[in-house]
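Each chain, written out:
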Amino acid sequence: MQGSANLNLMIKAARKAGRSLVKDFREVENLQVSAKGPGDFVSRADREAERIIKDELRGARPSYGWLGEETGEADGEDPTRRWIVDPLDGTTNFLHGLPHWAVSIALEHKGEVVAGVIFDAAKDELFYAEKGLGAYMNDTRLRVSGRRNMIEAIFATGVPFGGRSTLPATLQDLARLMPVCAGVRRFGSAALDLAYVAAGRYDGYWERGINAWDMAAGLILVKEAGGFVGAVREGREIFESGSVIATNAEMFDPLTKILRQPA
Ligand code: IPD
Ligand code: CA
């Protein structure tokens, strides 16, 4: 795909941060055996990845706004554009030496995500999409799956941890969905969950209690691969609701029906 200058900039930043994280990930694997564990080291790696991305993006486009998981929000001179960045999505996996985490970078224009890059550096899979130009993984065009029957479909979700208030609703979702589908996965990276829906690896994904930086890049990947996205609660905006449903073209209605049932 011949992407815009902005997309190329995002890819460059994601690859640079990914290289730094891969180096740190090797160290994390060694630190598992130490008594202190790799906690502080991973926080530093995470912050360093955001610094690398911020230097690249804001260096090249100083007028754009910024929303990053580590450094928060900053307005730019151009109020219509902002970067939405999660430098390390799947932090718990990274911390435990599990090779399933990614860099996620999105560009929003007038409240709509117009480009997204998700880089799984451990597997060297670069997912990217731009409005109207399709979604890709490395050089391959992505399409959502064609599965029509729920009983054959695989879904992904995020199960809230650390006492978060969305746990009971998610457990109820699982109790309703698991008996009527082929399986539910919890791999631990929302960005990759969305990229995998775009790639047709999952038929759908939903999560309650999720932030804009976890999902911004993934949303445009799913849409450009022919999928559907929405909030769990009907009539709400995705970011403002802090929830998401993303599926292939067939599973949106049946999945939303299950998730929107009254408690
Ligand atoms: C988390 C992961 C996880 C999802 C959580 C996110 P982090 O992001 O994407 O899969 O279930 O909602 O907060 O903390 O690893 O950047
Ligand atoms: Ca995240």
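My aim in this report is to walk through the structure given alongside it, one point at a time.

Reading guide: rules and limits
Residues numbered from 1 in each chain as written. Chains lettered and ligands numbered in written order. Predicted model: local features only at pLDDT ≥ 70, side-chain atom pairs only at ≥ 80, totals over all residues. Heavy atoms only, no water. Near = heavy atom within 4 Å. Polar contact = N/O pair within 3.5 Å; in protein donor to acceptor, adjacent residues only side chain to side chain. Areas by Shrake-Rupley, 256 points an atom, 1.4 Å probe, with all protein chains shown as cover. Helix = DSSP H or I, 4+ residues; strand = E, 2+ residues; numbered from the N terminus. Nonpolar A, V, L, I, M, F, W, Y, C, P; charged D, E, K, R; others polar. Pairing = 2+ DSSP bridges. Axes fitted to C-alpha atoms, helices over the stretch in contact; angles between N-to-C directions. Contact = heavy atoms within 4.5 Å.

**Section: the site of ligand 1**
The immediate surroundings of ligand 1 are formed by 13 residues, with Asp 89, Gly 90, Thr 91, Ala 190 and Glu 207 found nearest. Residue Thr 91 places a main-chain N or O atom 2.7 Å away from an oxygen atom belonging to ligand 1. Ser 189 is positioned with one of its backbone polar atoms (N or O) 3.1 Å from an oxygen atom of ligand 1. Protein chains bury 91% of the 380 Å² of accessible surface belonging to ligand 1 in isolation. It is strand E3 (residues 78-89) that contributes the most residues to the shell around ligand 1, three residues altogether. Looking at the shell around ligand 1 residue by residue, the classes come out as two nonpolar, five polar and six charged.

**So, the sheet that holds strand E9 (residues 154-157)**
The five strands are arranged E10-E9-E11-E13-E12 in an open sheet whose pairing can be described as mixed. Each edge of the sheet is formed by a strand with only one pairing partner; in this case those strands are strand E10 (183-185) and strand E12 (228-230). The mean inter-strand angle of the sheet, taken between neighbouring strand axes irrespective of direction, is 20°. Pairing geometry for E12 and strand E13 (residues 243-247), over three bridges, is antiparallel. Bridge pairing in E13 links Val 229 to Ala 246. Its contacts with the sheet place helix H4 (residues 167-177) against E9, E10 and strand E11 (204-208), and it is angled at close to 150° to E11. Packing of helix H6 (residues 212-224) onto the sheet brings it into contact with E12 and E13, and relative to E13 it is tilted by some 25°.

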